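The residues making up each chain are set out below.
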Amino acid sequence: YAMRALGPLIGGAAYQLLGIHGIYLLIATSYAASCALAYRLAPPAVTTANATGPPAGLLAALSIPRQLIFNRRFAVIMGVTLVYNLFCFPFTSMVPVIAQKDFLLIPLLVGALSACDGVGGTLGAILVGIFGSERTLFRTYYIGTLTLLLLMLGMSFHLEITTAVVSLFLIGAAAACFSATQYALVHVSTPAEVRGRATGVLSIFIGTSMFGPSLAGQLFGAF
């Protein structure tokens, strides 16, 4: 979250200084450096005892244990994850659109507006880390997502720069309530023998975020 606060500020300033061609050159250079570093990593040796070949290994990986299918708490966690990744997280990608279309801000200020989400998220994550406990995880996860949706709705009725700054700060804090508790909640809500599989199912639900920006764009275009 701290990097989400710093990134838009640096990005906005770099865009204003270098222009779109300079930005893409900078991104390409960063990816090239990352690929070079990743290429130097050596994969760990796989022992025969741990290796499971197809098709048995593949079928086992695709099956979902009964402990997860009939776990109502786990189902609700996945449902909240689905809502967040389709309707909450993609909203942040629309912030630059609002900043340019509605507020007519320069790139540096667009970055500053986007950074409000990261600042709120950083403070929110710290507070969850200090005051959160296993007893409050589920409540924090659920209420954080609900609060984020309500803040987005409220912001849409009073779309001004001051309102946007305050709303994005609080939205970041609400998002932190979700993300800071998600994996911990899956860990404590599932039996030890299926926790790895539960994390895999969670990853599939997180993957639905690929459809989120499309939905967000359609909603913005329609309303």
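One structure accompanies this document, and this report is about it. Everything numeric here is computed off the predicted structure, so don't read it as measured data.

## Quick look at the overall build of the protein
Along the protein, the regular secondary structure elements total 11 helices and zero strands. Going from the N terminus to the C terminus, the protein shows its helices and strands as α-α-α-α-α-α-α-α-α-α-α. Principal-axis analysis of the C-alpha atoms gives the protein an extent of 60 × 45 × 40 Å. Across the 223 residues of the protein, 32% fall into the buried class. By sequence separation, contacts in the protein at least 24 residues apart represent 84% of the contacts at least 6 residues apart. For the protein, the exposed area adds up to about 13700 Å²; of that, 72% sits on carbon and sulfur atoms. Averaged over its 10 positive side-chain charges, the protein has a centre that lies 12 Å from the centre of its 5 negative ones.

## Some thoughts on a nonpolar patch on the surface
A surface patch of nonpolar side chains, amounting to about 840 Å² of accessible area, comprises Val119, Leu123, Ile126, Leu127, Ile130, Phe131, Val166, Phe169 and Leu170. Elements with a minimum of two residues in the nonpolar patch: helix 6 (107-131) and helix 8 (161-179). By residue number, the principal contributor to the nonpolar patch is helix 6, which donates six residues. The topology assignment puts Ile126 in helix 6. A residue is classified by how much of its surface remains accessible, and Ile126, at 45% relative accessible area, is partly exposed.

## Thoughts on helix 1 (residues 2-39)
For helix 1, which comprises 38 residues, the first-to-last C-alpha distance of 28 Å sits more than 12% below the rise-based estimate of 56 Å (1.5 Å per residue). Of all bends in helix 1, the biggest is about 115°, found at Gly19. Buried residues of helix 1: Ala5, Gly12, Ala14, Gly22 and Ile23, and no others. At its buried positions, helix 1 is contacted by helix 6.

## Observations concerning the environment of Leu150
Considering the arrangement of structural elements, one finds Leu150 in helix 7 (residues 137-157). Taking the C-alpha atoms as reference points, Leu150 and Ile171, separated by 21 residues in sequence, lie 9.4 Å from one another.

## Here we look at the environment of Phe91
Structurally, Phe91 can be placed in the loop between helix 4 (72-88) and helix 5 (95-101). Accessibility expressed as a relative area gives 8% for Phe91, which makes it buried. What Phe91 contacts, discounting residues up to four positions off in sequence, is Ile98, Met152, Met155, Leu168, Ile171 and Phe220.

## Looking at the side chain of Thr208
Tracing the backbone shows Thr208 in the loop between helix 10 (195-206) and helix 11 (212-222). A polar atom in the side chain of Thr208 sits 2.5 Å from the backbone oxygen of Phe205. If we skip the residues at most four places from it in the chain, Thr208 touches Leu82, Asn85 and Leu86.

## Let's talk about the nonpolar core
Judged by nonpolar contacts, the single largest core of 34 residues is most densely connected at Phe91, Leu113 and Leu148. Mapped onto this core, the elements with two or more residues apiece are helix 4, helix 5, helix 6, helix 7, helix 8, helix 9 (182-189) and helix 10. Every residue in contact with Leu113, bar those within four places of it in the chain, is listed here: Val95, Ala99, Phe103, Leu105, Ala164, Val165 and Leu168.

## Regarding the packing of helix 9 against helix 10
Between two packed helices, what matters for the description is the angle formed by their axes and the separation of those axes. Put simply, helix 9 and helix 10 touch, their axes get as near as 9 Å, and they point 140° apart. Overall, the two elements helix 9 and helix 10 adopt an arrangement that is oblique. Here the hand of the crossing between helix 9 and helix 10 comes out right-handed. Contacts from Gln182, Tyr183, Val186 and His187 in helix 9 reach Arg195, Ala198, Thr199, Leu202 and Ile206 in helix 10.

## Side note on the packing of helix 7 against helix 9
Two elements in contact, helix 7 and helix 9, have axes separated by 10 Å at closest approach and are oriented at 135°. For the element pair helix 7 / helix 9, the angle class is oblique. By crossing handedness, the relation of helix 7 to helix 9 is classed as left-handed. On helix 9, the residues touching Leu137, Phe138 and Tyr141 of helix 7 are Gln182, Ala184, Leu185 and Val188. Of the residues belonging to the contact of helix 7 with helix 9, the class tally is six nonpolar, one polar and no charged.

Cut-offs applied
Residues numbered from 1 in each chain as written. Predicted model: local features only at pLDDT ≥ 70, side-chain atom pairs only at ≥ 80, totals over all residues. Heavy atoms only, no water. Helix = DSSP H or I, 4+ residues; strand = E, 2+ residues; numbered from the N terminus. Buried < 20%, exposed > 50% of the residue type's maximum accessible area, 1.4 Å probe, protein only. Contact = heavy atoms within 4.5 Å. Areas by Shrake-Rupley, 256 points an atom, 1.4 Å probe, with all protein chains shown as cover. Lys, Arg positive; Asp, Glu negative; His and termini not counted. Charge placed at Lys NZ, Arg CZ, Asp CG, Glu CD. Patch = residues over 30% accessible without salt bridge, like charges linked within 9 Å, V, L, I, M, F, W, Y side chains within 5 Å. Salt bridge = Lys/Arg side-chain N within 4 Å of Asp/Glu carboxyl O. Expected span 1.5 Å × (residues − 1). Bend = angle between axes of the 7 residues up to and from the residue. Polar contact = N/O pair within 3.5 Å; in protein donor to acceptor, adjacent residues only side chain to side chain. Core = buried A, V, L, I, M, F, W, Y, C linked by side-chain atoms within 4.5 Å. Axes fitted to C-alpha atoms, helices over the stretch in contact; angles between N-to-C directions. Parallel < 35°, antiparallel > 145°, perpendicular 65-115°, else oblique. Left-handed = near helix turned anticlockwise from the far one by under 90°. Nonpolar A, V, L, I, M, F, W, Y, C, P; charged D, E, K, R; others polar.

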